[in-house]
There are 2 protein chains.
Amino acid sequence: MSKKNSEKILGKCVIQEILDIIGGKWSMSIIFALLHGTKRFNELQKLVTNINTRMLVKELKNMEENGIVIREVFATVPPTVQYTLTEKGRKLEPSLTELFKWGEEFVN
Amino acid sequence: MSKKNSEKILGKCVIQEILDIIGGKWSMSIIFALLHGTKRFNELQKLVTNINTRMLVKELKNMEENGIVIREVFATVPPTVQYTLTEKGRKLEPSLTELFKWGEEFVN
DNA sequence: CTGAATCCCCAGCGATACTG
DNA sequence: CAGTATCGCTGGGGATTCAG
């Protein structure tokens, strides 16, 4: 990492903005779950261990506003809602992969 | 990312443990600052914009307990304390670099 | 099935003043 | 210089219930 970049990070606080988007307790887990493809609300709740309805709704809404996921509603009975990662969301995969590699090596 | 890995992440909540270590508001900024080498408490406070004494102390202590940084005290007058990234800490650089690349491309 | 609405709690964070 | 010690807040997060 160049010195120029580190100045940007610390000076303009890019990190803070990044954390606003994916720093939530469940954001990264949700993104992970969506990396394998579109999921329904229901499926996400099962995949992301211990998350409750309220937080899942909240994080998904937040992620939608930040252009990380796309929300598609189908007027069926019962209702069906699908969540899909956007390009912006999918491009987080390298970051998450690196973090995960680090976790595997050093956590515990 | 393999399906096997994603199960580990979501099932055993590795992400949560990672976020416990580097999910704090200032942790990543501090690590960034330390990537260029050992820094004194004083220097860190100048480099990490807008952080206050209490939080800097707290994060550094937390990072020390998690084996991210090493704290060295010199019995000089006035006192000198140096903080240095450990191997474990330095190996976070790829993750931070990826996150930063993403931020540069998509934030704003 | 997919949320919206409430209520509530506490941990994370900030500001400031003080000390060896 | 490098922290401690207090005080206070606010908002992130949890549990639960209701609704279309």
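Figured I'd write up the structure that's included with this text. On a predicted model such as this, the values are computed, not experimentally measured, just so you know.

**Some details on the overall build of chain A**
And then number 1: Tallying secondary structure elements over chain A gives 7 helices and 3 strands in all.
And then number 2: For chain A, the sequential pattern of α-helices and β-strands runs α-α-α-β-α-α-β-β-α-α.
And then number 3: Burial analysis of chain A (108 residues in total) assigns 44% to the buried set.
And then number 4: If you take every contact in chain A between residues at least 6 apart in sequence, the share linking residues at least 24 apart comes to 44%.
And then number 5: Total accessible area on chain A stands at roughly 5,700 Å², and carbon and sulfur atoms take up 52% of it.

**Quick word on the side chain of T80 of chain B**
All names here are of chain B.
And then number 1: Tracing the chain through its elements places T80 in strand β3 (residues 80-85).
And then number 2: What makes T80 buried here is its relative accessible area of 14%.
And then number 3: A polar side-chain atom of T80 sits 3.0 Å from a polar atom in the side chain of T76.
And then number 4: Apart from residues no more than four positions distant in its own chain, T80 is found in contact with R40, E72, V73 and F74.

**Side note on the protein's contact with DNA strand D**
And then number 1: Surveying the vicinity of DNA strand D reveals 20 residues, the closest of which are K25 and R54 of chain A together with N42, R71 and Y83 of chain B.
And then number 2: A share of 60% is what sugar and phosphate atoms reach among the atoms of DNA strand D within 4 Å of the protein.
And then number 3: The separation between a phosphate oxygen of DNA strand D and a polar side-chain atom of W26 of chain A is 3.1 Å.
And then number 4: Contact distances for DNA strand D include 3.3 Å between a phosphate oxygen and a backbone N or O atom of V81 of chain B.
And then number 5: Of all the secondary structure elements, the ones that give two or more residues to the surface near DNA strand D are α5 (53-65) of chain A together with α4 (41-47), α5 (53-65) and β3 of chain B.
And then number 6: A per-element tally of the surface near DNA strand D places α5 of chain B first, with 4 residues.
And then number 7: Of the residues contributing to the surface near DNA strand D, the split by class is 9 nonpolar, 4 polar and 7 charged.

**What about the pattern of salt bridges?**
And then number 1: Counting across every chain of the model gives 8 salt bridges over all chains.
And then number 2: Close ionic contact of E87 of chain B with K91 of chain B constitutes a salt bridge, the shortest N to O distance being 3.6 Å.
And then number 3: Counted as one network, the salt bridges with shared partners bring together E87, R90 and K91 of chain A together with E105 of chain B.

**Concerning the packing of aromatic side chains**
Residue and element names in this part refer to chain A.
And then number 1: On inspection of all chains with the given rule, the structure shows 2 aromatic pairs over all chains.
And then number 2: When the centroid spacing of 5.8 Å and the interplanar angle of 40° are considered together, the rings of W102 and F106 count as tilted. With W102 and F106 both in helix α7 (residues 93-106) and 4 residues apart, this pair spans about one turn of that helix. The exposure classification of W102 matches that of F106, with both residues buried.

**What to know about the interface of chain A and chain B**
And then number 1: The interface is formed by 46 residues belonging to chain A together with 46 residues belonging to chain B.
And then number 2: Between chain A and chain B, the buried area comes to about 4,400 Å², and carbon and sulfur atoms account for 70% of it.
And then number 3: At the boundary of chain A and chain B, one finds 2 salt bridges.
And then number 4: Note that E105 of chain B is salt-bridged to K91 of chain A, the shortest N-O span being 3.1 Å.
And then number 5: Looking at the side of chain A that touches chain B, the elements with two or more residues in it are α1 (3-11), α2 (14-22), α3 (27-35) and α7 of chain A.
And then number 6: For the side of chain A that touches chain B, the residue count by class is 23 nonpolar, 13 polar and 10 charged.

What counts as what
- Residues numbered from 1 in each chain as written.
- Chains lettered and ligands numbered in written order.
- Predicted model: local features only at pLDDT ≥ 70, side-chain atom pairs only at ≥ 80, totals over all residues.
- Heavy atoms only, no water.
- Helix = DSSP H or I, 4+ residues; strand = E, 2+ residues; numbered from the N terminus.
- Buried < 20%, exposed > 50% of the residue type's maximum accessible area, 1.4 Å probe, protein only.
- Contact = heavy atoms within 4.5 Å.
- Areas by Shrake-Rupley, 256 points an atom, 1.4 Å probe, with all protein chains shown as cover.
- Polar contact = N/O pair within 3.5 Å; in protein donor to acceptor, adjacent residues only side chain to side chain.
- Near = heavy atom within 4 Å.
- Nonpolar A, V, L, I, M, F, W, Y, C, P; charged D, E, K, R; others polar.
- Salt bridge = Lys/Arg side-chain N within 4 Å of Asp/Glu carboxyl O.
- Phe/Tyr/Trp six-rings, centres within 6.5 Å; stacked < 30°, edge-to-face > 60°.
- Buried area = accessible area lost by both parts, 1.4 Å probe.

In short, the description is geometric, and any link to function would need to be established separately.
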